[in-house]
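Chain by chain, the residues:
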6 protein chains.
Amino acid sequence: MQLGFVSAILPDLSLEDVVGFAAAEGFACVELMCWPRGKAERRYAGVTHVDVAGFTQADAQRINELMAQAGVSISGLGYYPNPLTPDRAEAAVYIEHMQQVIRAAQMLGVRTFNTFIGRDWTRSVDANWPRFREVWPPLVKFAEDHGVRIGIENCPMLFSGDEWPGGKNLAATPAIWRRMFEEISSPNFGLNYDPSHLVWQRIDYVKPLWEFAGRIFHVHAKDARVDQARLDEVGILATPLQFHTPKLPGLGDVDWGRFFSVLGDVKYDGPVCIEVEDRAYEASLETRKVALRQSGRYLRQFIP
Amino acid sequence: MQLGFVSAILPDLSLEDVVGFAAAEGFACVELMCWPRGKAERRYAGVTHVDVAGFTQADAQRINELMAQAGVSISGLGYYPNPLTPDRAEAAVYIEHMQQVIRAAQMLGVRTFNTFIGRDWTRSVDANWPRFREVWPPLVKFAEDHGVRIGIENCPMLFSGDEWPGGKNLAATPAIWRRMFEEISSPNFGLNYDPSHLVWQRIDYVKPLWEFAGRIFHVHAKDARVDQARLDEVGILATPLQFHTPKLPGLGDVDWGRFFSVLGDVKYDGPVCIEVEDRAYEASLETRKVALRQSGRYLRQFIP
Amino acid sequence: MQLGFVSAILPDLSLEDVVGFAAAEGFACVELMCWPRGKAERRYAGVTHVDVAGFTQADAQRINELMAQAGVSISGLGYYPNPLTPDRAEAAVYIEHMQQVIRAAQMLGVRTFNTFIGRDWTRSVDANWPRFREVWPPLVKFAEDHGVRIGIENCPMLFSGDEWPGGKNLAATPAIWRRMFEEISSPNFGLNYDPSHLVWQRIDYVKPLWEFAGRIFHVHAKDARVDQARLDEVGILATPLQFHTPKLPGLGDVDWGRFFSVLGDVKYDGPVCIEVEDRAYEASLETRKVALRQSGRYLRQFIP
Amino acid sequence: MQLGFVSAILPDLSLEDVVGFAAAEGFACVELMCWPRGKAERRYAGVTHVDVAGFTQADAQRINELMAQAGVSISGLGYYPNPLTPDRAEAAVYIEHMQQVIRAAQMLGVRTFNTFIGRDWTRSVDANWPRFREVWPPLVKFAEDHGVRIGIENCPMLFSGDEWPGGKNLAATPAIWRRMFEEISSPNFGLNYDPSHLVWQRIDYVKPLWEFAGRIFHVHAKDARVDQARLDEVGILATPLQFHTPKLPGLGDVDWGRFFSVLGDVKYDGPVCIEVEDRAYEASLETRKVALRQSGRYLRQFIP
Amino acid sequence: MQLGFVSAILPDLSLEDVVGFAAAEGFACVELMCWPRGKAERRYAGVTHVDVAGFTQADAQRINELMAQAGVSISGLGYYPNPLTPDRAEAAVYIEHMQQVIRAAQMLGVRTFNTFIGRDWTRSVDANWPRFREVWPPLVKFAEDHGVRIGIENCPMLFSGDEWPGGKNLAATPAIWRRMFEEISSPNFGLNYDPSHLVWQRIDYVKPLWEFAGRIFHVHAKDARVDQARLDEVGILATPLQFHTPKLPGLGDVDWGRFFSVLGDVKYDGPVCIEVEDRAYEASLETRKVALRQSGRYLRQFIP
Amino acid sequence: MQLGFVSAILPDLSLEDVVGFAAAEGFACVELMCWPRGKAERRYAGVTHVDVAGFTQADAQRINELMAQAGVSISGLGYYPNPLTPDRAEAAVYIEHMQQVIRAAQMLGVRTFNTFIGRDWTRSVDANWPRFREVWPPLVKFAEDHGVRIGIENCPMLFSGDEWPGGKNLAATPAIWRRMFEEISSPNFGLNYDPSHLVWQRIDYVKPLWEFAGRIFHVHAKDARVDQARLDEVGILATPLQFHTPKLPGLGDVDWGRFFSVLGDVKYDGPVCIEVEDRAYEASLETRKVALRQSGRYLRQFIP
């Protein structure tokens, strides 16, 4: 496994500075954010470390040289919109950009593009399924044609009221993953596995590693702390941020020793990227760097 | 405390037979269902052991004599519609009937009417609040005027898809109860406390007994079993029956010893009515009677 | 479900007295022991409440009348030898007697014959398998031909040194049951399910109820207490009685509420027979009767 | 084992009525309180069901006939003063009365006299030890000479401020019991074992059953509930009633199944007397009777 | 947060050497001990790294230059006597010295002075309260006047017999802290929070972080291991060192990940000073240095 | 304590390279494997970093100089055959080589030789005991005469079918250690303590540290993960690798903080050698080096 981080937490740094920081801190890789330039639509979105619009082979070469000089690899390209949003025009824009990210990944020789399935959050999983069957097979085919794998992050994208009740990403549970992979069995369609989203959903985050071993293309190392005292007030039907808090690895409920123990046993040897969404560390660029440094120290107990 | 049961599980028995069964089995009380005559709208609804339409003092006298002869008391009258349903005409019918139940309770000398707050299940708690403030103050005032207490059952009324996402009863959590009682502080407004709904919401069902001691007017003894293996597949965002099963007391996750231990300490000495919604015991009238008998044996370890 | 007991604990009572005791104590059924007359080969064996040697239709009629008068049914006939014992001559004797029990069951109209698979205890499961494939298909066929089901008790028959290391019954674990039923898929081949043997093997005794629901023909209600302090001395490689003690239901580690909760949900409605192997209750006939009475009181919280 | 109760909870009943109640409810025995007539010094003290002052063989015969007619035995005589109280004149009065109880026990043929060691509550265990060595050897010798066993209840007698810090009975822990029995090895010196006092002291209440098997002369069945929320406020250095509540068996933290499981295995077959100190059941004579009845129902799951 | 240590563990080093060690090991701060020169009254007391007797502005300047050169800050000044000791003359000496430490803190520009409330250990909390009300308001006023905050360490100062029963510091529990801050609401009066003292008192050491967030001025990182086997012998009424052992962070029962997770969320960003009281590391100066080094490595997983 | 590793995981490195790696990674010591040159008989066996055949004082001096230059010490010599194997000729070869290792240890000034007791795996512990009494007293005497201690690793040497049922090393449990040391009380006979083998045997791996403190000569830091889902299939009677997996420290079920906490308290200050038997890290020399590096980072939180 290679320890790295998701670049979204360093939006104020240029690609060069991101990579320089990674190298200085001994990180082996970085997942680079590829949002279109413009205003972020939500927290942690809208970061552009690789601008895939009009991306050329020359751009690819320049970036690869930068990475090679730093001794840091690109774990994946990341862009996490909602391609099943009810507004089909908006969805088309997202999908078009997703294809551009896939093309850039091919040019860069990056194996994995990380994203969300998306969801019409006002409707049930079943009600979203026809749309899934319409949008995703061609997208996966597109990725196959470009030799790129798509890693779907298993975040429900349900945190507070505006995403209620369904969240903006279907791929939240093992039952749904199984359905996805039965529908689209392509070897280029898999998961960007993040245990923190399973912890607060009360889903065993170790058990699926055995069943979905071959589908895990990328791993996000984020943690979450469920506060029983808050849960005792609002229960599991509340919006999730009412009873849990995203935290750095080691500051939440994930048992990382057990997680990496089994992850190694199922022969995963890809990237593990720290994803920082811990507000206690977001005061400044310096505290966000501290967050990455501390998370790295914590995780290196369990991974190379 | 007085051990009894909710009459809804015996829809095929007349009032006389329900009371006779209670007496024969040593139950001290019964919560009598007062749905309007007609077709049930959902499982466990639509049962009419007291027909409050056109209810007279003579009716009251006849029923009270029946109860007195059997040595069984009426723990409360029950009618559980959705008075905040989006269809206001439908809601008005419910509210009109609720008032009839309250009038009947007064005539019978029954202290408590048990029901739901209701909810527009497609909208958030906050979005339902204006409607709560419109409907409930006059209803509680009506009950006060008739010397009757209203016990709100704390069931989220969210089991499967058609009640998704919000369920049909606002009064699901301690946070919401607090809000309700801050809004309407009447001593005639309280809870029909059922621990089973808190168990699967992952809310401590003992802790609120201290805070809400004075608001507990009635208790339902039902249990629920959460299956972690099912939860591991679908997570807490699934509709609740995907990961839990309502069961008889003693066959679920409620620690009844601890529950009654604290319930006694906060000086509750009202009725405790077994509510059977366990499909493993619903094959026939005889199995439903068995369910009440077995539940009684189980609970008498912990209560008089 | 029908609550009863295994007659082996009352070897000093005649069939009439066993059935009389059952009736007096309100038990619905009894599993009747059918060992050949003669010396018991081990504790709890060698009891003959139905002597199947030379069993006639007249014998069957007499017994059935006795049962009918008492209002007690026969849950099954029981005979638990080691038909895979290395001494083939000895095994042939056992098998011959097993067939006699099956014939008697047919004559009595009893659905189930309970027994063990047997095992050469000095050899591994794999090494025993050829013998299983030789002995069991004809036996199950024989039972099919007589309209009788065979319920295999899941006891490893490994308690102390003389049964070390393998025990005298292959059917100890879910993995082996699966293998058995893949090998012999007959609907007349199933389990006499006893959770106590799974408890000390550290196997979840509830989980298999779902998978093997249709294979559960009979249930033994016995319990076992694992003592961690003893386990801390000798570990799981010791002979099992060094770290656990068979006990009455309610005095061991089985969570009977959960067990019966799921057993009901998978629609089991057959017999549940208390099996007493608790030395603290074996001082006299009276204490053994006390054991059945107390176990009955305990279990009736959870079953009809 | 024989199930009974401690008569202290029925101070308003005569001996005849106590015994009549025991018989009517199916209790096998009663521990009879033998306080000197006069004002009780604390809650649950001062009850006189047998007045040992001037006790004669005729008194003994009358009582024994009463018991025999009712079919109820005397499990022990109880008198629980503080014979190590700093006021030596007061202590002498206690000791004199203890001797009278022992004499009465001999006359009644009752095997066991239950009491406390006592303690100067302002001083440490070590500082009390010389006084223990002075008072207790002659007392035990006295009991030996009268063929009576002394069962020391393991209650720290520390509940609230006036008993702070040391409590009024040394015999609170296994370490102290060991010291007591090393000091006085008489077979007439043992324990009246009550698991509830160990629960809130965070002492395993099952483990000592093995070590002290032969010293257990009598058992009190009382329970206690520790409330973690209260403990979180005041910690273990607070006076104990700030964080725990004495309760009926089944309403506290004792695992009675495990307790009786091991108690039977170590071959205890003496009395088990329900001791009611649960304020939720003390409103009236009737509620106190209810407490005994309910406790009996609960415990009969686990004992004959 | 800034990681540092308490200088008391290095009594044999000069201030220069303490600070040099801190710098070399990457510690950001040190809590400097300010006992009066002379003989230590107990283990870990009597250390003088800053001699506040006759402390001058020149002394302050010299020390501040030393710190600045080393790049190490002073997290607080520490002096932990018993200002409520029954001997009022002795108490007056302590209070006089406390004022000198406060004056020195002002001169050094150090924000926090850490100490104990003290207690007459032979008397209850209530009985100590009048003395608290006499001594502490003027002391806090004195600190306010000098712009210094007082951080009270939450150690009960009850370890073995000579501090029995009450310990020498009132400020042991959340209930008492609440009472202290209701009595004296000054913003200069707060806590030097050490979770290890709460662990063995069985108090949740995370929950108070929310309620007392604004009162936490300083944090001690010490751990404690409760041994259940020892507790099973002596119970919670024993002197605490009979059942627990103070240990380095990571070698005890504190869940430091959870502790720092919440500490960050409540926006604490002050010093965290390792306090070594682990006898397994006290053989020599070198092993005490090792203790600080190892504790630092352990804690840096969870804090910057 | 000194952190090091067992050299068996680096069979492809020369002694010089092993020691160089240890020094470069900051390990204080190495346990050097001393198998006879030739083919390994099982995984992790057959490694020869010190060839004790014909070992001379010159060899010893050369090795000691190498170690001294690197600043790495030899924690012990290791050779782990089965000296109680049923084939006595084979056993004699093992014993002869064990003596050679002891001689080499003496020449090198190494205090400890680590090995197994051995066992005839087809027979019970009792049945092996006569052989133990024959072989081991002279071996321990031999070690005494050479001033060398023998540390017996507590591995049952039972992993899969070919070692079934008894395993190839008697010294698996505290009960057996006690028996060994009662039989041979020599101060040169002790344990090479590895907690991982106790974890899967469900034996408390901390409790024995108190009792056997003086017998612990060497410690292996290996971990093991028990998978309950696998155990639920096969139970504890299966061969152990069916339900557990050996892992690096931190990736298994051992609570290393608690382990080292107590290990320090009982005053162990000898070597702690990482033993790598984690197949997820055995792909190449580089991954095995990574395993040691990562294990070192993990363990240095808890030990110097």
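All figures in this text were calculated on a predicted structure; none of them were measured in a lab.

## As for the overall build of chain A
Part 1 of the argument: Within chain A one finds ten helices and ten strands.
Part 2 of the argument: Taken over C-alpha atoms, the radius of gyration comes to 18 Å for chain A, in line with the 19 Å a tight globule of 304 residues would show.
Part 3 of the argument: Burial analysis of chain A (304 residues in total) assigns 64% to the buried set.
Part 4 of the argument: For chain A, restricting intrachain contacts to residue pairs at least 6 apart in sequence, the fraction spanning at least 24 positions comes to 76%.
Part 5 of the argument: In chain A, 32 positive and 38 negative side-chain charges are present, and the distance between their average locations comes to 1 Å.

## Digging into helix α2 (residues 57-70) of chain A
Residues and elements named next belong to chain A.
Part 1 of the argument: In a regular helix each residue adds 1.5 Å, so 14 residues correspond to 20 Å; α2 covers 20 Å between its end C-alpha atoms and thus fits that length.
Part 2 of the argument: If you follow the buried residues of α2, they end up packed against α1 (15-24), β3 (73-78) and α3 (88-108).
Part 3 of the argument: Just beyond α2, the residue with positive phi is G71, at close to 70°.

## Description of the relation of the copies chain B and chain A
The second copy of the chain is related to the first by a rotation about an axis and a shift along the axis.
Part 1 of the argument: Mapping chain B onto chain A calls for a screw motion: a turn of 180° about the axis and a shift of 0.0 Å along it, with 0.0 Å RMSD after fitting. The symmetry that links the two subunits is that of a two-fold axis.
Part 2 of the argument: Here 100% of the interface residues in chain B have copies in chain A that are interface residues too; the copies meet face to matching face.

## Looking at the arrangement of the chains
Part 1 of the argument: No interface is formed between chain B and chain E, the nearest pair of C-alpha atoms being 16 Å apart.
Part 2 of the argument: With no contact between them, chain C and chain E keep their nearest C-alpha atoms 11 Å apart.

## Details of the sheet that holds strand β10 (residues 271-274) of chain B
All names here are of chain B.
Part 1 of the argument: Sheet architecture is closed into a barrel: eight strands sit in the order β1-β2-β3-β4-β5-β6-β7-β10, paired in parallel fashion. Averaged over all neighbouring strand pairs, the angle between strand axes comes to 30°, with direction disregarded.
Part 2 of the argument: Contacts from helix α5 (residues 174-183) reach β5 (149-153) and β6 (189-193), with the element oriented near 155° to β6.

## Overview of the sheet that holds strand β2 (residues 29-33) of chain C
Adjacent strands of a sheet pair through backbone hydrogen bonds, lying either parallel or antiparallel.
Residues and elements named next belong to chain C.
Part 1 of the argument: Around the barrel, eight strands lie side by side as β1-β2-β3-β4-β5-β6-β7-β10; this closed barrel has parallel pairing. Averaged over all neighbouring strand pairs, the angle between strand axes comes to 30°, with direction disregarded.
Part 2 of the argument: Here strand β1 (residues 2-6) runs beside strand β10 (residues 271-274); their pairing, made up of four bridges, is parallel. When the bridges of β10 are listed, Q2 appears paired with P271.

## A short note on the pattern of salt bridges
Part 1 of the argument: A complete count under the given rule lists 132 salt bridges over all chains for this structure.
Part 2 of the argument: Between R230 of chain D and D227 of chain D there is a salt bridge, and its shortest N-O distance comes to 3.0 Å.
Part 3 of the argument: Within the structure, one salt-bridge network assembled from shared partners comprises R225, D227, R230, K247, D253 and D278 of chain A together with R258 and D265 of chain E.

## Describing the interface of chain D and chain C
Part 1 of the argument: Facing the 13 residues of chain D at the interface are 16 residues of chain C.
Part 2 of the argument: With both sides pooled, the region where chain D packs onto chain C buries about 1100 Å², and carbon together with sulfur makes up 45% of that total.
Part 3 of the argument: At the junction of chain D with chain C, the criterion picks out four salt bridges.
Part 4 of the argument: Of the charged contacts in the structure, one is a salt bridge between R225 of chain C and D265 of chain D, with a shortest N-O distance of 2.9 Å.
Part 5 of the argument: Across the chain D-chain C interface, the total number found is 13 residue pairs in polar contact (both at pLDDT 80 or more).
Part 6 of the argument: When residues of the side of chain D that touches chain C are assigned to their parent elements, the largest contribution, seven residues, is made by helix α9 (residues 256-265) of chain D.

## Points about the interface of chain B and chain A
Part 1 of the argument: Across the boundary between the two partners, chain B contributes 29 residues, which contact 29 residues of chain A.
Part 2 of the argument: Buried surface at the junction of chain B and chain A, summed over both partners, amounts to about 2200 Å²; 61% is from carbon and sulfur atoms.
Part 3 of the argument: The salt bridge partner of E233 of chain A is R178 of chain B, with a shortest N-O separation of 2.6 Å.
Part 4 of the argument: For the pair chain B and chain A, the interface holds 14 residue pairs in polar contact (both at pLDDT 80 or more).
Part 5 of the argument: Looking at the side of chain B that touches chain A, the elements with two or more residues in it are α5 and α8 (228-234) of chain B.
Part 6 of the argument: Counting residues per element, the side of chain B that touches chain A draws most heavily on α8 of chain B, which supplies six residues.
Part 7 of the argument: Per-class residue counts for the side of chain B that touches chain A are 14 nonpolar, seven polar and eight charged.

## Quick look at the relation of the copies chain D and chain C
Part 1 of the argument: Under the fitted operation, chain D is carried onto chain C by 0.0 Å of movement along the axis and a turn of 120°, and the coordinates agree to an RMSD of 0.0 Å. In the structure described here, the two chain copies are related by an operation that fits a three-fold rotation axis.
Part 2 of the argument: Taken together, the interface assignments show that only 8% of the residues at the interface of chain D recur at the interface of chain C, consistent with different surfaces on the two copies.

## Here we look at the packing of aromatic side chains
The description of an aromatic ring pair rests on the distance of the ring centres and on the angle between the ring planes.
Part 1 of the argument: This structure, assessed with the given rule, holds 100 aromatic pairs over all chains.
Part 2 of the argument: Taking 5.4 Å as the distance between ring centres and 75° as the angle between the ring planes, the aromatic pair formed by F181 of chain A and F189 of chain A counts as edge-to-face.
Part 3 of the argument: Of the residues examined, F181 of chain A reaches a relative accessible area of 8% and is grouped as buried.
Part 4 of the argument: Overall, the relative accessible area of 0% leaves F189 of chain A in the buried class.
Part 5 of the argument: Ring centres of W177 of chain D and F212 of chain D lie 5.2 Å apart, and the angle between their planes is 85°; this geometry places the pair in the edge-to-face category. Placement of the pair is W177 of chain D in helix α5 (residues 174-183) and F212 of chain D in the loop between α7 (207-211) and β7 (216-221), with a sequence separation of 35 residues.

## Remarks on the environment of L139 of chain B
All names here are of chain B.
Part 1 of the argument: Note that L139 resides in helix α4 (residues 125-145).
Part 2 of the argument: Taking the relative accessible area as the measure of exposure, L139 reaches 1% and is therefore buried.
Part 3 of the argument: A C-alpha to C-alpha distance of 9.7 Å links L139 and I102, two positions 37 residues apart in sequence.
Part 4 of the argument: Those residues in contact with L139, other than ones at most four positions away along the chain, are I95, M98, Q99, I102 and I150.

## Quick word on unusual backbone geometry
Residues and elements named next belong to chain D.
Part 1 of the argument: In this structure, the amide linkage connecting W164 to the following residue, P165, adopts the cis form with an omega of 0°.
Part 2 of the argument: Mapped onto the elements of the fold, P165 is located in the loop between β5 (149-153) and α5.
Part 3 of the argument: Although it is not a glycine, R202 adopts a positive phi angle of roughly 65°.
Part 4 of the argument: Locating R202 in the fold gives a position in the loop between α6 (195-200) and α7.

## Quick word on the pairing of strand β6 (residues 189-193) of chain F
Residues and elements named next belong to chain F.
Part 1 of the argument: Here β6 lies mainly inside the structure; five of its five residues are buried.
Part 2 of the argument: Viewed along the sheet, the connection from strand β5 (residues 149-153) through helix α5 (residues 174-183) into β6 turns out right-handed.
Part 3 of the argument: As judged from the three bridges shared by β6 and strand β7 (residues 216-221), these two strands associate in the parallel manner. Each bridged residue has a counterpart across the sheet, and for L191 the counterpart in β7 is I216.

## A few points about the side chain of H220 of chain E
Residues and elements named next belong to chain E.
Part 1 of the argument: Inspection of the secondary structure assignment puts H220 in strand β7 (residues 216-221).
Part 2 of the argument: A residue is classified by how much of its surface remains accessible, and H220, at 0% relative accessible area, is buried.
Part 3 of the argument: Reaching out from H220, the side chain makes a polar contact with the side chain of E31 at a distance of 2.6 Å.
Part 4 of the argument: Residue contacts for H220: discarding those within four places in its chain leaves V6, E31, Y80, E153, N192, Y193, D194, P195, C273 and E275.

## What about the confidence of the model for chain A?
Any region with low pLDDT has predicted coordinates that should not be read closely.
Part 1 of the argument: The predicted model of chain A averages 97 in pLDDT, with 99% of residues at 70 or higher.
Part 2 of the argument: Interface confidence in the predicted complex, given as ipTM, is 0.95; pTM for the same model is 0.97.

## Focus on the packing of helix α1 (residues 15-24) of chain C against helix α2 (residues 57-70) of chain C
Residue and element names in this part refer to chain C.
Part 1 of the argument: Closest axis-to-axis distance for the α1/α2 pair is 9 Å, and the angle between their directions is 25°. Taken together, α1 and α2 sit at an angle that is classed as roughly parallel. You can see that α1 and α2 cross each other, and the crossing is right-handed. Side by side, α1 and α2 meet where L15, E16, V19 and A23 of the first sit next to R62, I63, L66, M67 and A70 of the second.

## Here we look at the state of the cysteines
Part 1 of the argument: Here the structure, examined in full by the defined rule, presents zero disulfides over all chains.
Part 2 of the argument: Among the cysteines around C34 of chain C, which has no disulfide bond, C273 of chain C carries the closest sulfur, lying 13 Å off.

## What to know about helix α2 (residues 57-70) of chain B
Residue and element names in this part refer to chain B.
Part 1 of the argument: Within the span of α2, buried status applies to A60, I63, L66 and M67. Each buried residue of α2 sits inside an arc of 130° when the element is viewed along its axis, so together they form one side. The exposed residues of α2 that point more than 90 degrees off its buried face are A58, A68 and Q69.

## Description of the side chain of D120 of chain B
Residues and elements named next belong to chain B.
Part 1 of the argument: Tracing the backbone shows D120 in the loop between β4 (112-115) and α4.
Part 2 of the argument: Although D120 is buried, it forms no salt bridge, and the closest oppositely charged side chain is R123 at an N-O distance of 4.3 Å.
Part 3 of the argument: Setting aside residues up to four positions removed in sequence, D120 forms contacts with L84, P86 and N128.

Conventions and cut-offs
- Residues numbered from 1 in each chain as written.
- Chains lettered and ligands numbered in written order.
- Predicted model: local features only at pLDDT ≥ 70, side-chain atom pairs only at ≥ 80, totals over all residues.
- Heavy atoms only, no water.
- Helix = DSSP H or I, 4+ residues; strand = E, 2+ residues; numbered from the N terminus.
- Rg over C-alpha atoms; globule rule 2.2 N^0.38 Å.
- Buried < 20%, exposed > 50% of the residue type's maximum accessible area, 1.4 Å probe, protein only.
- Contact = heavy atoms within 4.5 Å.
- Lys, Arg positive; Asp, Glu negative; His and termini not counted.
- Charge placed at Lys NZ, Arg CZ, Asp CG, Glu CD.
- Expected span 1.5 Å × (residues − 1).
- Least-squares fit on C-alpha atoms with pLDDT ≥ 70 in both.
- Pairing = 2+ DSSP bridges.
- Axes fitted to C-alpha atoms, helices over the stretch in contact; angles between N-to-C directions.
- Salt bridge = Lys/Arg side-chain N within 4 Å of Asp/Glu carboxyl O.
- Buried area = accessible area lost by both parts, 1.4 Å probe.
- Polar contact = N/O pair within 3.5 Å; in protein donor to acceptor, adjacent residues only side chain to side chain.
- Nonpolar A, V, L, I, M, F, W, Y, C, P; charged D, E, K, R; others polar.
- Phe/Tyr/Trp six-rings, centres within 6.5 Å; stacked < 30°, edge-to-face > 60°.
- Right-handed = clockwise from strand over helix to strand, strands pointing away.
- pLDDT = per-residue confidence, 0-100.
- Parallel < 35°, antiparallel > 145°, perpendicular 65-115°, else oblique.
- Left-handed = near helix turned anticlockwise from the far one by under 90°.
- Disulfide = S-S within 2.5 Å.
- Arc of directions from axis to C-beta.

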